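Geometric and topological summary
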Amino acid sequence: MSSYGDAEAGEGETLYYGIKKRPVYYVCMRCGFKVTKEELEAMPAYMCPRCGYRIFMKVRAPPSLGYLRRVYAI
Ligand SMILES: [Zn+2]
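These numbers were taken from a predicted model, which means no experiment stands behind them.

Side note on the overall build of the protein chain
Secondary structure assignment for the protein chain yields three helices and three strands. Seen in sequence order, the protein chain has helices and strands lined up from the N terminus as α-β-β-α-β-α. Burial analysis of the protein chain (74 residues in total) assigns 4% to the buried set. Long-range pairs, those at least 24 residues apart, make up 50% of the contacts in the protein chain with a sequence separation of at least 6.

What to know about the confidence of the model for the protein chain
Across the protein chain, pLDDT averages 73, with 54% of residues at or above 70. Averaged over each element, pLDDT in the protein chain is lowest for helix 1 (residues 2-18) (49) and highest for strand 2 (residues 34-36) (93). Segment residues 9-13: pLDDT under 50, and four contacts once partners within four positions in sequence are set aside and those in other chains are kept.

Thoughts on the pairing of strand 3 (residues 56-60)
Summarising burial for strand 3: zero of the five residues are buried, a small minority. Inspection of the sheet shows strand 1 (residues 24-28) paired to strand 3 by five bridges, in the antiparallel sense. Bridge pairing links Val24 to Arg60 in strand 3.

Focus: the sheet that holds strand 2
An order of 2-1-3 is seen for the three strands of this open sheet, with the pairing classed as antiparallel. The strands lining the two open edges of the sheet, one partner per strand, are strand 2 and strand 3. When strand polarity is set aside, the average angle formed by the axes of neighbouring strands in this sheet is 30 degrees.

Considering the pairing of strand 1
Judged from the three bridges that link them, strand 1 and strand 2 form a sheet pairing that is antiparallel. Its bridge partner lying in strand 2, Tyr26 is registered against Val35. Connecting strand 1 to the next strand, strand 2, in antiparallel fashion are five residues, including Gly32 with a positive phi near 80 degrees.

A few points about the environment of Arg30
Among the secondary structure elements, Arg30 is positioned in the loop between strand 1 and strand 2. Residues Arg30 and Phe56, 26 residues apart in the sequence, show an inter-C-alpha distance of 8.4 Å. Those residues in contact with Arg30 that sit more than four places away from it in its chain are Cys48, Cys51 and Tyr53.

Each value, and the rule that gives it
Every chain is numbered independently, its residues counted from 1 as its sequence is written. Local features are withheld for residues below a pLDDT of 70 in this predicted model, meaning they are given only at 70 or higher, and side-chain atom pairs are given and counted only at 80 or more; totals for whole chains, interfaces and linings count all residues. Helix and strand definitions follow DSSP, with helices as H or I runs of at least four residues and strands as E runs of at least two, each counted in order from the N terminus. Counting other C-beta atoms within 10 Å of a residue's own tells you its class, since 20 or more makes it buried, 12 or fewer makes it exposed, and anything in between is partly exposed; those C-beta atoms are placed from the backbone. By the convention adopted here, residues are in contact when the distance between their C-beta atoms, placed from the backbone, does not exceed 7 Å. On a range of 0 to 100, pLDDT expresses the predictor's confidence in each residue. Here, strands pair whenever DSSP counts at least two bridges between them. Comment: axis = line fitted to C-alpha atoms, over the contacting stretch for helices; angle = value between 0 and 180 degrees taken between N-to-C directions.

The structure is reproduced here in structure tokens:
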């Protein structure tokens, strides 16, 4: 099982150094709708396409292994 963890760690490092531009998401503080930066910039105003709320929480995909493992578990 420990070898599996090592493989996962190596994969994470490759991902972190291989991708220069990390994906950035914005999560609506009201309804939790997740939009990408590109989708927001394509709109006339920074607002939630679902509920129209204009306060977002910026979420960047972190390179931390803990986060990757958590996603894997789901
Ligand atoms: Zn919303």
